[in-house]
Amino acid sequence: MSFGRVCALDGISIKIKKGEIHSVIGPNGAGKTVMMNCISGLYNPQKGSIHYKGERINHLKPHDRAKLGIARTFQKVEVFGGMTVLDNIRLGRHIHYKSGILSGAVYLGKTAKEEMEHRKFIEEEIIDLLEIEHIRDKPVGMLPYGLQKRVELGRAIALEPELLILDEPLAGLNLEEVEDMARFILDINQEKRWKITCLLVEHDMGVVMDISDNVYVLNFGNMIVDGTPEAVQKNPVVIKAYLGEEDLYATRK
Amino acid sequence: METITKELTIPKLFYSQAKKYGKERVAMREKEFGIWRPITWHDYLENVKHIALGLVSLGLEEGDKVAMIGDNRPEGLWAEMGALCARGVGVWLFQDSLIDEVKYIIDHSDTKFLVGEGQEEVDKAISIRHECPKLKKIIWDDPKGMRNYDEDYLISLKEVMRLGEKLEKEKPDLFEELIGKGHGDEVALLFYTSGTTALPKGALLSHYNMLTMGKNLMDVDPCKDTDDYVSYLPFAWIGEQMMSISCGLQIGYTLNFPESRETAQENIREIGPHVMFAPPRMYEQMTRTVQVKYLDAGWIKRKSYEIASSIGYHVADLKFGKKAIPFYWKILEWFAYLLVQKKLKDHLGLTRVRNAYTGGAAMGPDHFRFFHSLGVNLKQIYGQTEVAGISVVHRNGDIKFDTVGLPIPGTEVKITAEGEIITKSPSVFLGYYKNPEATAKTLKDGWLYSGDRGFIDEDKHLVVFDRTKDVMILKDGKPFAPQYLETRLKFSPYIKDSWVIGDKRDFITAVICIDYAVVGKWADTKKLTYTGYPELAQKPEVYDLVEEQIRKANKDLPELVKVIKFVNLYKELDADDDELTRTRKLRREFVGKKYEDIVNALYSKADGVHIDTTITYEDGRKTHIKTDLHICKVKA
């Protein structure tokens, strides 16, 4: 993938196995977000191919990929500030609604029943999981950043995805919020109810090394190494290119 | 309501009430997944029965201790009631207790079963298990995050109930037999008091203590079984036990459990309870909310509020003075109610409150008058864990904001020659667990020695001065209660906590903790920049603001009890740092030692004090703090 003469991603290959948390790390500008955008469909790479469950999905638009079960969150929260928390999350369930505009306008019988089912799902599965009962009717724009991130995660999992792309879910959070968020990520990955495969971009090495099954290291658009957290931490190139340079990342101890 | 005999126990009463109300009435409600879900008396009984029998089949024997830790939720109360029905003894822990406190209480109380809410509580229990050999099983009820726990000493509440169901099938009469065995003089609860000076002491409370307490209070202010009560304060606080068990069980009103701690205020508004009991800090918080909203409001709203509240205050003062209210004031009062107070009360969830009680700490007269100006029938109570709740309360139409009222029926209150308040009543506790010295000091000839200093005024009302050991001696040799000034200072929305110093000193000084949220917002409007609490507290503008608040509090006070110098502390006082008890009482001796440098500086000529200290956060991280605190003299 390149932009003009800047080559953002070059000859990389990543294989995400079902059920795991696969993290992508790398210094700023390494191409992590570009990679996520390629997978979610915001960018279309000039070369190479993206396969999802054995199927090539390069030609699919983001909303078609969402239907296949790919959801994402963004590095800078992209929520609908004027809408309530509940409405934001309901939006994530949009693809599961079967009723059309007309029956929605009348709101009787099947449509009302369908809405109730979705509401039940949101309340029992998402709001309870993310512990956001106290803000369900608040406009998202008025909330602190940490809670906005939680709402965005809620919207993404409302889609009931099989693959969830998390672009720096911990950036800008305080320690308590980081711990909560890490707990939620583990919950949606391991809890029988969810079992969502996660592709995680993150700078917080403490959390990445703790919760990931595999870590993929990227630098200047090239892959450095892909392996277990232990292997990555021992890799001399990684240490030099990334972990060795203290000021490039923030580790919370 | 029937009279309380010595034969009656909490389980017996529970059983007869549950049989009486059955499936027809709602015993409790819990808001879950956004909806209030009712639990009938029948379900309540079934759940308690299964927990009780489940505990029995796990090996609970007569007198074994069952500890509970967690938020207010039906399962917590079921576990307590289950333990009592199985002839065990209930022990409650504060949910935010640190590991050391949990360990001390579990170990000291010889707890055999611990019922925790979820992962957090289970983690706490696991980490202390090897140091508390008597602890057999840890029970949890919220499955969230529990997927990887498979230790054999862990068991879910559901599983316990399944064991109970099995046992019920084998021995269908066992539950009734167990309940029938009980006697009122047996220990029901082992309640740990959060001491302001020493390690917590375990007060033994009998069924008779608890039930007479509730009955005597309900004789003063009767409740109805159609009433609603919101249970959101920790069960480890005796006041909540009194309302939920002692009174709730006898009256049969509905207990309502909020969705989560954060939604409590909102849920109170939805329910609109008829009766309320909370420590002063809850009412202080409500006052602060109103004050802050007032500061934010537009001109018209502010003016309407000012007019309504001045009418309210005038009428309240007439009532305090027991004077007749002229008809034109009544019209104005009605007008103020319609225009402002109705809405305000609705937002605070106070619309239907018949009786609101406050106790557990001192409440300042300013806060007290504030609620009466709104037309809320707020009453002071006085009590302690050792009398299973309360012993003194205000009566309707006889409320004085500097007293705590008259003793409840069956209770005698006297003042010793030394000025100590002593109480005799059927609710006086049995003694401290494994602590005969403390028991001998507190219980003499059936009189409970409170350690509080007070006197009885001309209307026979009890006035609580302060803890005996906290009373200060002023320069002129007169005694003075520091908490009086502290509550006065706290009426300012900008001041969260205050600590008044001056025992045997030439003048009075204060250490102030600003309210971070309120002062932070104020600083935003003034375009002041700051990075955190320590920096904000030291801003000269904030010092000016605090000085103004102190000047207001100083007004009308005699020269000797005015705050002369003050300092803004670099952090808020916190129970996790042992500076406050879990019920947020100041541990004077401890802070006196901890902040010795600051105290010394306040009484020297210095205009600042250098702080070089380490703060430990809740997660164990440490931060080094180096800062200079400014000492300010209050200008007259």
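Residues numbered from 1 in each chain as written. Chains lettered and ligands numbered in written order. Predicted model: local features only at pLDDT ≥ 70, side-chain atom pairs only at ≥ 80, totals over all residues.

Some points on the overall build of chain B
Quick note on the threshold: Helical segments are the DSSP runs of H or I of at least four residues, strand segments are the runs of E of at least two, and each set is numbered from the N terminus. The size measure is the radius of gyration over C-alpha atoms, and the globule rule it meets is 2.2 Å times the number of residues to the 0.38 power. Once C-beta atoms are placed from the backbone, each residue is buried if 20 or more other C-beta atoms lie within 10 Å of its own, exposed if 12 or fewer, and partly exposed for counts between those two. We call two residues in contact when the distance between their C-beta atoms, placed using the backbone, is within 7 Å.
When helices and strands are tallied, chain B shows 21 helices and 29 strands. A globule of 636 residues ought to have a C-alpha radius of gyration of about 26 Å, and chain B, at 25 Å, matches this closely. Across its three principal axes, chain B shows a C-alpha extent of roughly 80 × 65 × 55 Å. The 636 residues of chain B split such that 46% are buried. Across chain B, every contact between residues at least 6 apart in sequence was considered, and the portion connecting residues at least 24 apart equals 66%.

Considering the overall build of chain A
Of regular secondary structure, chain A possesses 10 helices and 10 strands. Its C-alpha atoms give chain A a radius of gyration of 19 Å, within 12% of the compact-globule value 18 Å for 253 residues. Dimensions of chain A, computed from the C-alpha atoms along their principal axes, are close to 65 × 40 × 35 Å. A total of 253 residues make up chain A; the buried ones form 36% of that total. The contacts of chain A with a sequence gap of at least 6 include a subset with a gap of at least 24, amounting to 69%.

Observations regarding the pairing of strand β9 (residues 201-206) of chain B
Residue and element names in this part refer to chain B. Applied cut-off: Two strands are counted as paired when DSSP detects at least two bridges linking them.
Of all 6 residues making up β9, 6 are buried, and the element is well covered by its neighbours. Here 6 bridges tie strand β8 (residues 187-193) to β9, and the two strands are oriented antiparallel to one another. What sits directly across from Phe 191, in β9, is Ala 203. Summarising the sheet, β9 and strand β19 (residues 431-432) pair through 2 bridges and their orientation is antiparallel. Looking at the pairing, Ala 203 lines up with Tyr 432 of β19.

Here we look at the interface of chain B and chain A
Going by this rule: Residues are sorted three ways: Asp, Glu, Lys and Arg are charged, Ala, Val, Leu, Ile, Met, Phe, Trp, Tyr, Cys and Pro are nonpolar, and all the rest, Gly among them, are polar.
Contact with chain B, which involves 9 residues of that partner, is made by 11 residues of chain A. For the side of chain B that touches chain A, a count of residues per class yields 1 nonpolar, 4 polar and 4 charged.

Notes on the sheet that holds strand β29 (residues 622-633) of chain B
Residue and element names in this part refer to chain B. Quick reminder of the rule: Interaxial angles span 0 to 180 degrees and are taken between N-to-C directions of axes, which are lines fitted to C-alpha atoms, for helices over the stretch in contact.
Spatial ordering of the open sheet is given by β25-β26-β27-β29-β28, a layout of 5 strands whose pairing is mixed. In this open sheet, the two strands that pair with only one neighbour each are β25 (495-501) and β28 (608-616). Averaged over neighbouring strand pairs, the angle between their axes works out to 25 degrees when direction is ignored. Here β28 pairs with β29 via 9 bridges, running antiparallel. The residue of β29 that forms the bridge with Val 609 is Leu 629. Along the sheet, helix α16 (residues 482-490) makes contact with β25, β26 (508-514) and β27 (563-568), crossing β25 at roughly 155 degrees. Taken strand by strand, helix α19 (residues 540-554) contacts β25, β26, β27 and β29, and its axis lies near 145 degrees from that of β27.

Some thoughts on the domain arrangement of chain A
Residue and element names in this part refer to chain A. Our working definition: Where each domain begins and ends follows an automated or database-derived domain assignment.
In terms of domain boundaries, chain A breaks down into domain 1 (2-69 + 161-248) and domain 2 (82-147). Taken over C-alpha atoms, the centre of domain 1 sits 28 Å from the centre of domain 2. Tallying the contact residues gives 9 residues for domain 1 and 6 residues for domain 2. When contributions to the side of domain 1 that touches domain 2 are tallied by element, the ones reaching two or more residues are α2 (62-68) and α7 (175-190). Top element by residues in the side of domain 1 that touches domain 2 is α7. It accounts for 3 residues.

Some remarks on the nonpolar core
To keep things clear, this is the line we draw: The term nonpolar core refers to a set of buried Ala, Val, Leu, Ile, Met, Phe, Trp, Tyr and Cys residues connected through C-beta atoms within 7 Å.
Core analysis: the biggest nonpolar cluster contains 131 residues, and Ile 10, Ala 52, Leu 55, Leu 114, Leu 205 and Val 392 of chain B have the highest contact counts within it. When residues of this core are assigned to their parent elements, the largest contribution, 9 residues, is made by helix α2 (residues 41-57) of chain B. For this core, the domains that each give at least three residues are domain 1 (10-274) and domain 2 (278-351 + 353-468) of chain B. If sequence neighbours within four positions are ignored, Leu 114 of chain B has contacts with Ala 67, Ile 106, Ala 125, Leu 135, Ile 138 and Ile 139 of chain B. In terms of nonpolar packing, the next biggest core, distinct from the first, is built from 59 residues, Ile 21, Cys 38, Ile 122 and Leu 147 of chain A among them.

Section: the sheet that holds β19 of chain B
Residue and element names in this part refer to chain B. With mixed pairing, the 8 strands of this open sheet are ordered in space as β7-β6-β5-β3-β4-β8-β9-β19. Among the strands making up the open sheet, the edge pair consists of β7 (154-156) and β19. Against the sheet, helix α4 (residues 99-108) engages β3 (65-69), β4 (89-93), β5 (111-116), β8 and β9, with an angle of about 170 degrees to β4. Against the sheet, helix α8 (residues 207-220) engages β8 and β9, with an angle of about 75 degrees to β9.

With respect to the confidence of the model for chain A
Worth spelling out the cut-off: Per residue, pLDDT captures the predictor's confidence, and it can take any value from 0 to 100.
Residues with a pLDDT of 70 or more make up 95% of chain A, whose mean pLDDT is 87. Overall, residues 246-253 of chain A carries pLDDT values under 50, and its contacts beyond four positions in sequence, including any with other chains, amount to 14 contacts.

Description of unusual backbone geometry
One non-glycine residue, Lys 53 of chain A, lies in the positive phi region at around 50 degrees. Topologically, Lys 53 of chain A is positioned in the loop between β4 (51-52) and β5 (55-56). The backbone phi angle of Asp 556 of chain B is positive, close to 65 degrees, even though this residue is not glycine. By the element assignment, Asp 556 of chain B lies in the loop between α19 and β27. The exposure class of Asp 556 of chain B is exposed, given the 7 C-beta atoms found within 10 Å.

As for the packing of helix α12 (residues 299-320) of chain B against helix α13 (residues 327-348) of chain B
Residues and elements named next belong to chain B. Spelled out, the test is: Under this scheme an angle from 65 to 115 degrees is roughly perpendicular, one under 35 degrees roughly parallel, and one over 145 degrees roughly antiparallel; angles in between are oblique. It is the rotation of the near helix from the far one that decides the hand of a crossing: anticlockwise by less than a right angle makes it left-handed, clockwise makes it right-handed.
For the pair α12 and α13, the least separation of the axes is 9 Å and the interaxial angle reads 135 degrees. The orientation of α12 with respect to α13, classified from their angle, is oblique. The way α12 lies across α13 gives a crossing that is left-handed. Along its contact with α12, which presents Ser 304, Tyr 305, Ala 308, Ile 311, Gly 312, His 314 and Val 315, the element α13 presents Trp 329, Leu 332, Glu 333, Ala 336, Leu 339, Val 340 and Gln 341. Grouping the constituent residues of the contact of α12 with α13 by class yields 9 nonpolar, 4 polar and 1 charged.

Here's the deal with the domain arrangement of chain B
All names here are of chain B. Segmenting chain B into domains produces domain 1 (10-274), domain 2 (278-351 + 353-468) and domain 3 (471-633). On a C-alpha basis, the centres of domain 1 and domain 3 stand 38 Å from each other. Counting residues at the interface gives 6 residues for domain 1, matched by 7 residues for domain 3. Partitioning the side of domain 1 that touches domain 3 into residue classes produces 3 nonpolar, 3 polar and no charged.

Some thoughts on the confidence of the model for chain B
Residue and element names in this part refer to chain B. Chain-level statistics for chain B give a pLDDT mean of 91 and a share of 98% at 70 or above. Taken element by element, the predicted model of chain B shows its lowest mean pLDDT in β28 (82) and its highest in α2 (97). We note a pTM of 0.86 for the whole complex and an ipTM of 0.78 for its interfaces.

Quick look at the pairing of strand β1 (residues 26-32) of chain B
Residue and element names in this part refer to chain B. Here β1 lies mainly inside the structure; 5 of its 7 residues are buried. Here β1 pairs with strand β2 (residues 35-40) via 6 bridges, running antiparallel. What sits directly across from Arg 29, in β2, is Pro 38. The hairpin formed by β1 and β2 contains 2 residues between the paired strands, and Phe 33 there has a positive phi angle of roughly 50 degrees.

Overview of the environment of Tyr 432 of chain B
Residue and element names in this part refer to chain B. You can see Tyr 432 is positioned in strand β19. Classification of Tyr 432 by C-beta neighbours within 10 Å gives buried; the count is 22. When the C-alpha positions of Tyr 432 and Phe 191 are compared, they lie 9.2 Å apart, and in sequence the two are 241 residues distant. If near-sequence neighbours (up to four positions away) are discounted, Tyr 432 is found in contact with Lys 201, Gly 202, Ala 203, Ala 438 and Thr 439.

Digging into the environment of Ala 66 of chain A
All names here are of chain A. Mapped onto the elements, Ala 66 comes out in helix α2. With 20 C-beta atoms packed within 10 Å, Ala 66 lands in the buried category. Separated by 152 residues in the primary sequence, Ala 66 and Leu 218 have C-alpha atoms spaced 25 Å apart.

Re the environment of Ala 30 of chain A
Residue and element names in this part refer to chain A. Here Ala 30 shows up in the loop between β3 (21-25) and α1 (32-40). C-beta crowding within 10 Å serves as the criterion here: with 23 such atoms nearby, Ala 30 is assigned to the buried category. Not counting residues within four places of it along the chain, the set of residues in contact with Ala 30 comprises Leu 218, Asn 219 and Phe 220.

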